[in-house]
Amino acid sequence: MKLAIIGGGPSAFYVASRLHKLLPQTLEYRIHLFDRLWSPHGLVRYGVAPDHPEVKNCTHKFDEAALDRRLRFFGNVNVGDNPSPIQHTVKLPLSSIFSNYSHVVFATGCTLPKRHSELPPSASCTSALSMVHWYTQHPNAPSPPPLDKISHVSLIGNGNVSLDVARMLLTNVDVLRKYDVPERVLDVLAESTVKHVSIVGRRGPLEAAFTMKELREMINLPDASMVPLAPELLQPSEGVPLTRQQTRVLQLLSKGSKNTFGTTEKTWSLDFYRSPAGLMVPSPENARAQLSLAHTVVDPATQRAVPTGETSTVATDLVVTSLGFHGEPTAPYFDPGLGHLRTLSNRIVTNAGTTLRNVYGSGWASTGAHGVLAATMMNAYDVAETIVNDHMNPLEGTEAVLNPDPSLEEIPEEVVHGVRERNIVEYPDWKRIDEEEMRRGQVLGKERERMAWDEARLLLRPSV
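Remember, predicted model here, so these are calculated numbers, not experimental data.

Caption draft 1: Here's a closer look at helix α10 (residues 244–255). For α10, with twelve residues, the first-to-last C-alpha span of 17 Å sits near the 16 Å given by 1.5 Å per residue. In this fold, the buried residues of α10 make contact with α9 (212–219), β11 (224–226) and β12 (266–271). Backbone geometry just after α10 places Gly256 at a positive phi near 85°.

Caption draft 2: The UniProt feature "binding site: FAD" (unreviewed entry) in the protein chain, seen in detail. The sites that UniProt annotates as "binding site: FAD" (unreviewed entry) are Ser11, Leu43, Val79 and Trp364. One can find Ser11 in helix α1 (residues 10–22). Excluding residues within four positions of it along the chain, Ser11 makes contact with Ala107, Ser362, Gly363, Thr376 and Ala380. Relative to the helices and strands, Leu43 resides in helix α2 (residues 43–46). A residue is classified by how much of its surface remains accessible, and Leu43, at 42% relative accessible area, is partly exposed. For Leu43, the contacting residues outside a window of four places in its chain are Pro10, Val48 and Trp364.

Caption draft 3: Focus on the pattern of salt bridges. On inspection of all chains with the given rule, the structure shows 31 salt bridges. Between Lys213 and Glu54 there is a salt bridge, and its shortest N-O distance comes to 3.6 Å. Of the two residues, Lys213 is situated in helix α9 and Glu54 in the loop between α2 and α3 (59–67); the sequence distance between them amounts to 159 residues. Residue classification places Glu54 among the partly exposed positions, given a relative accessible area of 40%. Between Arg70 and Asp68 there is a salt bridge whose closest N-O contact spans 2.8 Å. With respect to class, Arg70 is no different from Asp68; both count as buried.

Caption draft 4: View of the layout of surface pockets. What the second largest pocket holds in volume is close to 410 Å³. Taken together, 19 residues line the second largest pocket, and the ones lying closest to its centre are Leu206, Glu207, Ser237, Tyr273 and Val298. Within the residue set of the lining of the second largest pocket, elements represented by two or more residues are α10 and β14 (289–298). For the lining of the second largest pocket, a count of residues per class yields twelve nonpolar, four polar and three charged.

The rules we used
Residues numbered from 1 in each chain as written. Predicted model: local features only at pLDDT ≥ 70, side-chain atom pairs only at ≥ 80, totals over all residues. Heavy atoms only, no water. Helix = DSSP H or I, 4+ residues; strand = E, 2+ residues; numbered from the N terminus. Expected span 1.5 Å × (residues − 1). Contact = heavy atoms within 4.5 Å. UniProt positions renumbered as here; feature names shortened; annotations may be inferred. Buried < 20%, exposed > 50% of the residue type's maximum accessible area, 1.4 Å probe, protein only. Salt bridge = Lys/Arg side-chain N within 4 Å of Asp/Glu carboxyl O. 1 Å grid on protein atoms, 1.4 Å probe; cavity = no way out; pocket = protein on both sides within 12 Å on 5 of 7 lines; lining within 4 Å. Points joined across faces, edges and corners; volume = space filled by probe spheres on them. Nonpolar A, V, L, I, M, F, W, Y, C, P; charged D, E, K, R; others polar.

This is how it looks when you write it as C-alpha cells:
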C-alpha cells in the first residue's frame, strides 16, 4: 500500500495515525501527506483562536505519527491542475498522484467562506475567514483590516468563529501578547479604535450556534461589557422543552456580562432575530456603511427564520460575515449541491455515480464544515478502517484510476525537484521551524512568534 493524503491538517494526520495502528506489521506501506500550506496541521495552526492554546495539544499526536519512518510530509505543494491561491507553491498535477500511488485520501477541508447574497465583498464587508487568516498569519492572508479607522463592527452569524473574531477585537492587546499572536498583528490591534461589536443572528438564543464555552468567554471579557438583552427574548415559548445547554444559555444571558454595561469603554451585543437585507457603502451623505436588517421570527414547524416584514438600519464601519465554509468548486469530485466532495461510505464517487477504487474523502472535505476536532478525529478513524477493510476485501464494481503496483520508495518527480531546491518543507524541516518559532516567542515572553514563508525558507536554506 502506498497512500497519498492530499491535505496536511488534523484529518490527514488522524487518518495516518490510525493506519499506523490498524495495518498489519507484515504489510509494507508508505504514507505521503501533501499540503498547499508550507507548514503542517491546517486549521490547528491557522484556524484555532490564539487564546485557545489547549486545543492545539493534538499536535503531539501528529508529531508521533510523523516520527514513523513510513510517513513523509511535503508542505508547500499544490496538488491539482488549477492555479494555487498561494503563489510560491510547487505544482503537482493530480495525474502524477494517480500514477505514483495505489491509494489516495482527499483531506482538503473546506477552505472558502460562504457568502451572503445581500452582502457582496467590499471595503465595508469582509469574511471572518479573512480576519482569521490575518491574525494567524496564513500564507494567503489579506492586508490588515483598518482597525485604527473604525469603531463599530457587525458580525453576521453567531457561531464560534464569529465569537473568536469578536474576542480578538475586544480583548486588550496586553492580554493577547502572551499567546500565539504575531507581533505585526499585535501592532495593528494596539492601534484599534473599535468600541462596539454587534453579533447578528437570524434566529433566537435557543438556536444560537455558539457553544457554552465560547459564550462564557465573551461574558467574562475583562475589558468589555454586553448590552443587556430584553427580558422577553429570554422567555421560551410555553410548552417548549429545553435542552440542558439551552437552559444554561438562557441563565447566562439573563445574568449578563461580568462587567456591568456602561462601565467599560468597549461593548458588544447579541442581536437576535435579524437577517441582512442589504448594505449601503459609505457616501458623502453617510460616513458609515448602512446595514439593512430584516426582522425575523422562528417558524415553530420548520425551525427556520422567516421575515416579519419589519426592517431596521444599523450604521456600521465594517461588516464581517461568519456563515460557514465550503470546498473549492474547481476541486475534482466536488459536488456543488453539497458544497464539498461527493462520497459514499467514505469513498469518492464520480459525477456518473461510480465509486473510485481506493480513493477516499476524510474530514470536512467529505462531510462539510461542521463539528469540532473530536468529530474530525472520529471521522478520520472511520476512514482509516474503511481503507484497511477495502485493502483486505476489495470492493467489486469500482473504477480503477490509481497505480495498483507503484514503487514504494519513489516520490513524484515534481516533488523530488522541489525537495532538491528546498522549496518543499518536510516534517524534520517543520520541527526546526517550530523550534525556532518557540525560541523567538520565549524571547518575547509568549507562546511563539510565527515565521512567514520567506523567513522559514531562509532558515532552511541560508544561502537564499
